[in-house]
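# Reading the structure
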Amino acid sequence: MHDIQNEVDHRGVAIDEVGISGLRYPVTFDDGHTRQHGIADISVTVGLQADRRGTHMSRMIALVHEEVATLAPQELPIVLKRGLALLEAPTLAIALSLPIATAVIAPASQRQSWQTHDVTITGRITADTCTVATTVTTDVTSLCPCSKAISDYGAHNQRSEVTLTVTGTADAPYPLAIHEIVDLLRSSGSAPVLPLIKRPDERVVTMQAYDHPVFVEDIIRDVSLVCRKKGLKHVIRAKNLESIHSHDAIASLTFTG
């Protein structure tokens, strides 16, 4: 059958990205420490040469099915190289998003439960470069230092969303594992968030938050300092879902080394 995608395009206009998004596909995440099954939301895009009419989107599905059924971030550069050859493209990007759960222990009762975090792994390759970005978003508790300072007792506190993206290279694509990122983020707030919490745990967590007030500025600076000491390129964002204000508080920073 005639392959229209392979027709020559005479308009001379290259395309930065073309491909698929919103592909929901079963994936087993396995980084050697964490292994979980789930349905990932996947996008695959390529750069399209100026003389190409279209790209081969069915090959993108085949790439996901054959190469990403088990997602090991450490091996993503190999998958990207294979995909670049398969799709006959100058650039390729693959992004996979899925929830990953880690076990957490309540501080007093020692009850175990599962805390879920939003994870995205994004790989990009060109003729000269290859990067893998690991993004994790999780919840913490933050207690306002200003509220504590001006109040006779108590202080307003809220749940906060903290997102860290760590970028690796072809030689070191996964420099900080997801469970390590989770541990770092859960320690960045005033107190951790726990799904299963008994009254003795609530007492511990509440007092811990009161003893460790933080602004969004404090959260991102503390996380960034840890990443800098490890020599990691990173982006850190924090959002306080404010409990007494009609707005959220946000902060972000990027460190490229």
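If you're wondering where the values come from, they're calculated on a predicted model, not measured in any experiment.

### A word on the environment of Ile-220
Relative to the elements of secondary structure, Ile-220 occurs in helix α6 (residues 216-229). With a relative accessible area of 6%, Ile-220 lands in the buried category. Linking Ile-220 and Lys-239, residues 19 residues apart in sequence, is a C-alpha distance of 10.0 Å. If we ignore the near neighbours within four places in the chain, the residues touching Ile-220 are Ile-236, Arg-237, Ala-238, Ala-251, Ser-252 and Leu-253.

### Let's talk about the packing of aromatic side chains
Considering all chains together, one arrives at zero aromatic pairs under this definition. Directly above the aromatic system of Tyr-210 lies the positively charged group of Lys-148, at a separation of 4.4 Å from the ring centroid.

### Quick look at the packing of helix α1 (residues 57-67) against helix α2 (residues 76-87)
Their axes nearest at 10 Å, the elements α1 and α2 cross at an angle of 150°. Looking at the two axes, α1 sits roughly antiparallel to α2. Crossing of α1 against α2: the hand is right-handed. Contacts from Arg-59, Met-60, Leu-63 and Glu-67 of α1 reach α2 at Val-79, Arg-82, Gly-83, Leu-86 and Leu-87.

### Notes on helix α5 (residues 199-211)
Helix length check: α5 (13 residues) gives 18 Å between terminal C-alpha atoms against 18 Å at 1.5 Å per residue, within 8%. Restricting attention to buried positions, one finds in α5 the residues Asp-201, Val-205 and Ala-209. The arc enclosing the buried residues of α5, seen along the axis, measures out at 65°, which places them on a common side. Turned more than 90 degrees away from the buried face of α5 sit Arg-199, Arg-203 and Asp-211, all of them exposed. Contacts made by the buried residues of α5 are with β6 (130-143) and β8 (191-192).

### Some thoughts on the state of the cysteines
Scanning the entire structure with this criterion turns up zero disulfides. Cys-146 carries a free sulfur, and the closest cysteine sulfur to it, the one in Cys-144, is 5.2 Å from it. Take Cys-146: its relative accessible area is 42%, and that puts it in the partly exposed class.

### A look at unusual backbone geometry
Even without a glycine there, the phi angle at Glu-88 is positive, about 50°. Note that Glu-88 resides in the loop between α2 and β4 (92-105). What makes Glu-88 partly exposed here is its relative accessible area of 37%. Positive phi is not limited to glycine here, since Gln-110 has a value of about 65°. You can call Gln-110 exposed: its relative accessible area is 51%.

### Some remarks on the pairing of strand β9 (residues 233-240)
As paired strands, strand β7 (residues 157-169) and β9 are joined by eight bridges and run antiparallel to one another. The residue bridging Ser-160 from the neighbouring strand is Asn-240, located in β9. Note that β9 and strand β10 (residues 249-255) share seven bridges and pair antiparallel. Across the sheet, the residue bridging to His-234 is Phe-255, located in β10.

### Concerning α1
Buried within α1 we find Met-60, Leu-63 and Val-64. In a view along the axis of α1, the buried residues occupy a sector of 95°, so they form one face of it. Exposed positions of α1 whose direction lies more than 90 degrees from the buried face are Ser-58 and Glu-66.

### With respect to the pattern of salt bridges
Under the criterion given, the structure shown has five salt bridges. Residue Asp-30 is joined to Arg-35 by a salt bridge in which the shortest nitrogen-to-oxygen separation is 2.9 Å. Here Asp-30 falls in the partly exposed class, since its relative accessible area comes to 23%. With its nearest N and O atoms 2.9 Å apart, the salt bridge here joins Arg-82 to Glu-67. Note that Arg-82 is positioned in helix α2 and Glu-67 in helix α1, a separation of 15 residues in sequence. Assessed through its relative accessible area of 46%, Arg-82 is described here as partly exposed. With a relative accessible area of 24%, Glu-67 lands in the partly exposed category.

### Comments concerning the nonpolar core
Ranked by internal contacts, the top residues of the largest apolar core, which has 55 residues, are Leu-92 and Leu-164. Among all residues touching Leu-92, those that are not within four sequence positions of it are Val-44, Thr-45, Val-46, Leu-63, Leu-80, Gly-83, Leu-84, Leu-87, Gly-123, Arg-124 and Ile-125.

What counts and how
- Residues numbered from 1 in each chain as written.
- Predicted model: local features only at pLDDT ≥ 70, side-chain atom pairs only at ≥ 80, totals over all residues.
- Heavy atoms only, no water.
- Helix = DSSP H or I, 4+ residues; strand = E, 2+ residues; numbered from the N terminus.
- Buried < 20%, exposed > 50% of the residue type's maximum accessible area, 1.4 Å probe, protein only.
- Contact = heavy atoms within 4.5 Å.
- Phe/Tyr/Trp six-rings, centres within 6.5 Å; stacked < 30°, edge-to-face > 60°.
- Lys NZ or Arg CZ within 6 Å of the ring centre and 35° of its normal.
- Axes fitted to C-alpha atoms, helices over the stretch in contact; angles between N-to-C directions.
- Parallel < 35°, antiparallel > 145°, perpendicular 65-115°, else oblique.
- Left-handed = near helix turned anticlockwise from the far one by under 90°.
- Expected span 1.5 Å × (residues − 1).
- Arc of directions from axis to C-beta.
- Disulfide = S-S within 2.5 Å.
- Pairing = 2+ DSSP bridges.
- Salt bridge = Lys/Arg side-chain N within 4 Å of Asp/Glu carboxyl O.
- Core = buried A, V, L, I, M, F, W, Y, C linked by side-chain atoms within 4.5 Å.

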